[in-house]
Amino acid sequence: MKKNKVLQGAALVASMGMLGGQAMASMGNIGTTYGVLPSDIASAQGLSLFNTQVSAVYYNPAYLAKDPRGELTFGLLHAEHELRANSLGGAAPPIRNGDVLQDSPSQHVLVGMKTDLSSMTRFKHPIYMGVMLGVEKYGEEMMAFESATSNEGQYFEYGRQPLFLVLGGATQIWRGLDAGASARLTLHSDAELRATTTLGGETSYESLNVSAKPSIRPILSMNMDWGESFCPDGECWYNGLETALSYRGYSNTKTTVDANTVIPGTIGEPGLSLAVTTLDSYQPDIFALGMLYGKERFRVAVGVELQRWSDLEEEFEGDTIKDQAVEDGIGVLEFKDIVIPRVGAEFKLSPNYTVTGGVAYSKSPLDSDASLDVNYLDADKLIVGLGLTAQFDDPHFFAFPVRFDLAYQYQKLRPRDFDLYATNSPSYPQSYERVEAEGDVHVFAGSVTLKF
């Protein structure tokens, strides 16, 4: 089994190298790990269910109907990671105390657009459409990908993020009641490699076929404005109260590699076949419920998310690089469902300037403290954010309002201990080292939005 893993890993590396190189990737995406737009990042996603910007297409597509104006948004996101592992001793020579295992930043260019499609139909009823796109390495890298085992340990969620693409729409179905639906697209890639090679690694008669197909997962939501629905005159105590309910279906990004090689004089026809299917990014089913209370100068929201990570164990059973970590035995990888509370608020300092803040606490979905060969690390996170918005309704150079957003978010990973296991360690089947995982994440984002 071990030899098979090594050969499969070699085939994957060779194939991905021909596809354009590797990148430090993760099991997250920008929408759940950090936030899509600066307004989401600043509120620690506490106000994301009630965000009138185009990022609503991911969190709560029904809220696209809240603001009838169209908009075009351009943004940048930069996330700095310093994820460490402190050695607590073990059978193997320890890694350095405070060793930084991951400091590769995640850098996204963001593009979003929202518009009213009713002018394209014979119906007067408004139908709003939104699309949100995020591409890694400031637009240069659409598929951030790496799947590997690790003796030193590797962090579960952070790193470069895969292509983020969501398309959806919303409409009002009753006074104060809006409904929306979106589709999140991820890629499932296939690579087929055929070659004849010498023992020195020189290849000939190469054939490489690569294909990728989209996987479409649903996002559904409803939003109710209690004052608009039941108190049209605006004199009720619950005027300004809103409730949102959202469901985001699970999604994943994975790659399948089928490689075959012939080594004349050593391995004849039909050759040596190597097959790899591996999971890179995964997002669970997410159920979100939020309530907002707002007046002219402020809005405050509270929300909870249920994330069903326990289903990931079944996904790893089909992963030929990491499946040993979910088999019965030593260092079994286990996940649990988690509930994340979020609180967000915004306050208008003046007609042009608004300050936004938020806090959230996320338990780690990683239930086990060991995972054979894979050695995933993760921890509970305290998340706080702060941001500033400037909106000018009558700018000098544009006929429509312009909005500028800046945001900062800090995530503190609380210390947590893990045992590291490796089948190639002299101490196997015993753990060769115990480490304490902890770290800090700093996220910076900015955007410009043109209203029309």
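Source: prediction; values computed, not measured.

Analysis parameters
- Residue positions are counted from 1 within each chain, in the order its sequence is given.
- Local features are withheld for residues below a pLDDT of 70 in this predicted model, meaning they are given only at 70 or higher, and side-chain atom pairs are given and counted only at 80 or more; totals for whole chains, interfaces and linings count all residues.
- For the side-chain quantities, the full set of heavy atoms in the structure was used; hydrogens and water were omitted.
- The predictor attaches a confidence to each residue, called pLDDT, with possible values from 0 through 100.
- The secondary structure listing takes helices from DSSP runs of H or I that are at least 4 residues long and strands from runs of E that are at least 2 residues long, numbered from the N terminus.
- The criterion used for residue contact is that any of the two residues' heavy atoms lie within 4.5 Å.
- Burial classes follow relative accessibility: with a 1.4 Å probe on protein chains only, a residue under 20% of its type's maximum area counts as buried, one over 50% as exposed, and anything between as partly exposed.
- When DSSP finds at least two bridges between two strands, those strands are taken to pair.
- Patch criteria: residues need more than 30% relative accessible area and no salt bridge. Like-charged residues are merged within 9 Å; nonpolar side chains of Val, Leu, Ile, Met, Phe, Trp and Tyr are merged within 5 Å.
- Using a 1.4 Å probe, the Shrake-Rupley method yields the accessible areas, and only the shown protein chains count as cover for residues.
- Any Lys or Arg side-chain nitrogen found within 4 Å of a carboxyl oxygen on Asp or Glu counts as a salt bridge.
- Neither His nor the chain termini are counted; the positive set is Lys and Arg, and the negative set is Asp and Glu.
- Every charge is mapped to an atom, namely NZ of Lys, CZ of Arg, CG of Asp or CD of Glu.
- Polar contact is defined as a pair of N or O atoms within 3.5 Å, subject to the rule that within protein one atom must be able to donate a hydrogen and the other to accept it, and that residues adjacent in sequence are counted only when both atoms are side-chain atoms.
- For Phe, Tyr and Trp, rings pair up if their centres lie within 6.5 Å, where Trp contributes its six-membered ring, and each pair is then called stacked (planes under 30 degrees apart), edge-to-face (over 60) or tilted (otherwise).
- For this analysis, a nonpolar core means a set of buried residues of the types Ala, Val, Leu, Ile, Met, Phe, Trp, Tyr and Cys, connected via side-chain atoms within 4.5 Å.

Chemist: What exactly am I supposed to notice about the confidence of the model for the protein chain here?
Modeler: Predicted coordinates in areas of low pLDDT are best not read in detail. Looking at the protein chain, the pLDDT average stands at 87 and 92% of residues meet or exceed 70. Per-element confidence in the protein chain ranges from a low mean pLDDT of 38 for helix 1 (residues 2-19) to a high of 98 for strand 15 (residues 353-362). Across residues 1-23, confidence stays below pLDDT 50; counting only partners more than four residues off in sequence or on other chains, it has 35 contacts.

Chemist: Can you walk me through the pairing of strand 1 (residues 71-87) in this structure?
Modeler: For a regular strand, the rule is simple: side chains alternate between the two faces of the sheet. With respect to burial, strand 1 is a largely interior element, 12 of its 17 residues being buried. Inspection of the sheet shows strand 1 paired to strand 3 (residues 106-116) by 9 bridges, in the antiparallel sense. When the sheet's bridge partners are listed, L76 is paired in strand 3 with V109. Pairing of strand 1 with strand 19 (residues 433-451) involves 17 bridges; the strand directions are antiparallel. Across the sheet, G75 pairs through a bridge with S447, a residue of strand 19. Across 3 bridges, the pairing between strand 1 and strand 2 (residues 99-102) is antiparallel.

Chemist: How do you make sense of a negative patch on the surface when you look at a structure like this?
Modeler: A contiguous patch of negative charge, built from E314, E317, E327 and D328, is present on the exposed surface. Within the secondary structure, E317 is located in helix 6 (residues 312-317). The class of E317 is exposed, set by a relative accessible area of 54%.

Chemist: Help me understand the side chain of N51, please; the structure alone is not making it clear to me.
Modeler: When you line up the elements, N51 lands in the loop between helix 3 (38-42) and helix 4 (56-59). Under the relative-accessibility criterion, N51 is labelled buried at 6%. A distance of 3.2 Å separates polar atoms of two side chains, one belonging to N51 and the other to S55.

Chemist: Mind showing me how you'd approach the packing of aromatic side chains here?
Modeler: Where two aromatic rings form a pair, the distance of their centres and the angle of their planes describe that pair. Taken as a whole, this structure holds 19 aromatic pairs when the rule is applied. Seen from their ring centres, F316 and Y376 are 6.3 Å apart, and the 40° between their planes marks the pair as tilted. Of this pair, F316 sits in helix 6 while Y376 sits in strand 16 (residues 376-377); the two residues are 60 residues apart in sequence, bridging distant segments of the chain. With a centroid separation of 6.2 Å and 90° between ring planes, the pair formed by Y353 and F392 is classed as edge-to-face. Of this pair, Y353 sits in strand 15 while F392 sits in strand 17 (residues 381-392), and the two are 39 residues apart along the sequence.

Chemist: What exactly am I supposed to notice about the pattern of salt bridges here?
Modeler: Note on pairing: side chains with opposite charge can pair once their charged atoms come close. Applying the stated criterion across every chain yields a total of 19 salt bridges. The partner of K451 in a salt bridge is D67, and the shortest N-O contact between them spans 3.6 Å. Within this pair, whereas K451 is found in strand 19, its partner D67 is found in the loop between helix 4 and strand 1, the two being separated by 384 residues in sequence. According to the relative accessible area criterion, K451 is buried, its value standing at 4%. On the basis of relative accessibility, which here comes to 10%, the residue D67 falls in the buried class. The closest approach of N and O atoms between D258 and R194, which form a salt bridge, is 3.1 Å. Taken as a pair, D258 in strand 10 (residues 251-263) and R194 in strand 7 (residues 177-197) lie far apart in primary sequence, 64 residues in all.

Chemist: What is the right way to read the nonpolar core from this model?
Modeler: Side chains that are nonpolar tend, in soluble globular proteins, to be buried together. The biggest cluster of nonpolar side chains holds 64 residues, and the ones touching the most others in it are F316 and L377. Considering every element that reaches this core, the biggest residue donor is strand 19, with 5 residues. Once residues lying within four places of it in the same chain are set aside, the contact partners of F316 are M27, L279, K322, D323, V326, L333, F335 and Y376.

Chemist: When you look at unusual backbone geometry in this model, what are you seeing that I'm missing?
Modeler: Among all residues except glycine, the phi angle is most often negative; among peptide bonds, the trans geometry is most common. Omega for the peptide link from E269 to P270 comes to 5°, which places this bond in the cis form. Relative to the helices and strands, P270 resides in strand 11 (residues 267-283). In the segment running from Y428 into P429, the intervening peptide bond is cis, with an omega of 15°. Tracing the backbone shows P429 in the loop between strand 18 (402-420) and strand 19. Residues other than glycine seldom take positive phi values, yet A44 does so here, at roughly 55°. Within the secondary structure layout, A44 lies in the loop between helix 3 and helix 4. Residue A44 is classed as buried on the basis of its relative accessible area of 0%. A positive phi angle, near 70°, is found at D373, a position not held by glycine. Along the polypeptide, D373 turns up in the loop between strand 15 and strand 16. Taking relative accessible area as the criterion, D373 reaches 12% and is therefore assigned buried.

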